[in-house]
Amino acid sequence: MKREALLTLSVLLASCGRDPNQASFEQNVAQVFAPCNDAEIRYLAGKHNFQTAFEPCGSNNFHRFSWSPDGTHLYFGFTMSHHIMDVGAPDKRVITVPASLPAGEVAWLNAQQIAIPVPPPHGQEADPYKISVFDQEALTVFDRVIPEVRELDHLTVGDSAREVLFSGVKDGVRSVYRVQLDQGEVSPAWPWLQGPIDNFTYTPQQGAVAVGRGETVTLYQAPGGEELGVWTGVTRGELAPEGRWLALEFDGPPVSVFFQRHWDELSEKARERELRRAKEYEKTLPKGTLTEVRPPSISLVDLESRQQWYFDSFQGDQFQWYQGAPSFFSVRLWGFEDKQLKPNVVLGSFGDRIVSMERGELPMGVHRWEELSK
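Residues numbered from 1 in each chain as written. Predicted model: local features only at pLDDT ≥ 70, side-chain atom pairs only at ≥ 80, totals over all residues. Heavy atoms only, no water.

## Structural notes on the sheet that holds strand S17 (residues 226-232)
Consideration 1: Read across the open sheet, the four strands follow the order S14-S15-S16-S17; overall the sheet is antiparallel. Each edge of the open sheet is held by one strand with a lone partner, namely strand S14 (199-203) and S17. Neighbour-to-neighbour, the strand axes of the sheet open up by a mean angle of 15°, direction not taken into account. (Pairing = 2+ DSSP bridges. Helix = DSSP H or I, 4+ residues; strand = E, 2+ residues; numbered from the N terminus. Axes fitted to C-alpha atoms, helices over the stretch in contact; angles between N-to-C directions.)

Put into structure tokens, the structure is as follows:
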């Protein structure tokens with residue numbers, strides 16, 4: 001988002017005449033494109049009870065991440081490399097994964113082994129995909145070829161440590177498959193789950209499958225396929241291991257590209273005034289100019305009461321329940337308080353928020369889902 005806006009920024013400012021509001025607008029733009037502020041990110045993370053896995057202003061262009069089941073190791077991948085960090089070690093030791101770069105989401109089989117979907121080498125696209133299993137203690141890689149199914153993604157452990165579920169494309173349709181790594185047999189995961197799908201997650205502790213199709217997530221009970229609920233306006237879901245809380249990803253309410261200030265930077269009146277000025281200025285820009293973005297956001301559903309909330313105190317994607325502690329979760333950070341910041345992997349907890357929500361209270365940055373339609 002920022003890169004696209006920056007490409008047009010100099011042209012827009014150079015082509016526009018001076019007016020009484022321009023100085024304020026330029027200040028807002030400068031704030032959006034200001035250098036990374038380490039202290040600001042630490043402050044906002046602490047304010048909302050998050051921990052950052054990496055330095056706030058590091059080279060954090062993460063494509064994907066995944067925590068080990070015991071919460072002691074973090075897999076993370078960039079464009080050209082992927083690694084595992086020993087989070088519990090004093091030096092946070094990092095090793096490079098000696099397998100090919102993944103085609104999609106990876107899956108920890110246990111605290112020692114991780115399964116990686118690997119595409120065929122460049123120039124050999126007709127070759128089959130495979131799942132590579134890296135053992136971080138033995139430093140070995142085992143490959144299991146996946147015939148006929150292509151574009152592997154959304155790997156997750158099945159009902160045993162040697163069973164992997166994944167999505168893949170066959171005959172032009174993305175569906176869900178399972179493979180027994182020891183035997184190599186690939187088959188549809190469940191007869192009742194037919195493609196096309198966009199994504200899925202599986203919670204083996206509950207035998208529950210959350211399937212994303214467009215802007216609808218459906219929760220099913222495996223192995224029979226009973227429908228447990230349908231949610232619209234969302235794109236991806238993941239059920240907590242204990243089974244009560246369903247996290248959903250969605251594109252949040254629009255945020256101005258040119259006005260992003262965290263909540264403590266301005267008084268409420270000043271914020272409203274500056275936002276109005278930015279909106280008025282946006283009306284003068286050439287048609288098609290990027291003026292707003294919808295941040296990747298998180299919603300939470302209580303499956304007991306069926307109440308649903310969403311959060312704007314933090315924003316991110318690739319939601320993952322952190323199995324090292326109940327109610328803890330992790331996302332790839334987009335920003336805090338509608339302000340886009342340097343990407344990071346952050347770890348937080350719903351604990352205090354859930355206590356308040358169960359009492360009917362709305363903590364800072366928590367909103368009822370129904371408010372989005374007002």
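## A word on the nonpolar core
Consideration 1: Grouped together as the largest cluster of nonpolar side chains are 24 residues, with contacts concentrated most on Leu300, Phe314, Phe319, Trp321, Phe329, Phe336 and Phe350.
Consideration 2: Secondary structure elements with two or more residues in this core: helix H3 (38-47), strand S19 (245-251), strand S22 (296-302), strand S23 (308-311), strand S24 (314-321), strand S25 (328-336) and helix H5 (351-358).
Consideration 3: Ranked by residues supplied to this core, first place goes to S25 with four residues.
Consideration 4: In this structure phenylalanine 314 touches Phe50, Ile298, Phe329, Gly335, Phe336, Glu337, Phe350 and Arg353, once residues within four positions along its chain are discounted.
Consideration 5: If you look at the next biggest cluster of nonpolar residues, it comprises 15 residues, including Tyr129, Val133, Leu155 and Val179. (Core = buried A, V, L, I, M, F, W, Y, C linked by side-chain atoms within 4.5 Å. Buried < 20%, exposed > 50% of the residue type's maximum accessible area, 1.4 Å probe, protein only. Contact = heavy atoms within 4.5 Å.)

## Here's the deal with the packing of aromatic side chains
Consideration 1: With the rule as written, the count across this model stands at 25 aromatic pairs.
Consideration 2: Geometrically, the ring pair formed by phenylalanine 54 and phenylalanine 62 is tilted, given 4.7 Å between the ring centres and 35° between the ring planes. For the pair phenylalanine 54 and phenylalanine 62, one class covers both residues: buried.
Consideration 3: Arranged with centres 5.6 Å apart and planes meeting at 35°, the rings of phenylalanine 314 and phenylalanine 329 form a pair that is tilted. Of this pair, phenylalanine 314 sits in strand S24 while phenylalanine 329 sits in strand S25, and the two are 15 residues apart along the sequence. (Phe/Tyr/Trp six-rings, centres within 6.5 Å; stacked < 30°, edge-to-face > 60°.)

## Quick word on the pattern of salt bridges
Consideration 1: Tallied over the full model, the rule gives 23 salt bridges.
Consideration 2: For lysine 130, the salt bridge identified is with aspartate 143, shortest N-O distance 3.2 Å. Separated by 13 residues along the polypeptide, lysine 130 in strand S8 (residues 129-135) and aspartate 143 in strand S9 (residues 140-146) bring together distant segments of the chain.
Consideration 3: Take lysine 130: its relative accessible area is 26%, and that puts it in the partly exposed class.
Consideration 4: Aspartate 143 gets classed as partly exposed once you look at its relative accessible area, which sits at 36%.
Consideration 5: Arginine 244 is the partner of glutamate 304 in a salt bridge, and the nearest nitrogen-oxygen pair spans 3.6 Å. (Salt bridge = Lys/Arg side-chain N within 4 Å of Asp/Glu carboxyl O.)

## Describing the pairing of S14
Side-chain direction in a regular strand flips from residue to residue, so the side chains alternate between the two faces of the sheet.
Consideration 1: With five of five residues buried, S14 lies mostly within the body of the structure.
Consideration 2: Both faces of S14 are covered, namely the face carrying Asn199, Thr201 and Thr203 and the face carrying Phe200 and Tyr202.
Consideration 3: Taking the residues between adjacent antiparallel strands as the criterion, S14 and strand S15 (residues 208-213) are bridged by four residues, where glycine 207 takes a positive phi near 60°.

## Quick word on H5
Consideration 1: For H5, the set of buried residues is Arg353, Ile354, Ser356 and Met357. What you see down the axis of H5 is that its buried residues fit within an arc of 165°, all on one side. (Arc of directions from axis to C-beta.)

## Details of unusual backbone geometry
Consideration 1: Here the residue pair glycine 195 and proline 196 is connected by a cis peptide bond, since its omega of 5° sits within 30 degrees of zero.
Consideration 2: Position of proline 196 relative to the elements: it lies in the loop between strand S13 (186-188) and S14.
Consideration 3: Residue proline 223 is reached from alanine 222 by a cis peptide bond, and omega for that bond is 5°.
Consideration 4: Within the fold, proline 223 resides in the loop between strand S16 (216-221) and S17.
Consideration 5: The backbone phi angle of glutamate 151 is positive, close to 55°, even though this residue is not glycine.
Consideration 6: Mapped onto the secondary structure, glutamate 151 falls in strand S10 (residues 150-157).
Consideration 7: Unlike most non-glycine residues, glutamate 337 shows phi in positive territory, near 55°.
Consideration 8: Residue position: glutamate 337 is located in the loop between S25 and strand S26 (339-340).
Consideration 9: The exposure class of glutamate 337 is buried, given its relative accessible area of 1%.

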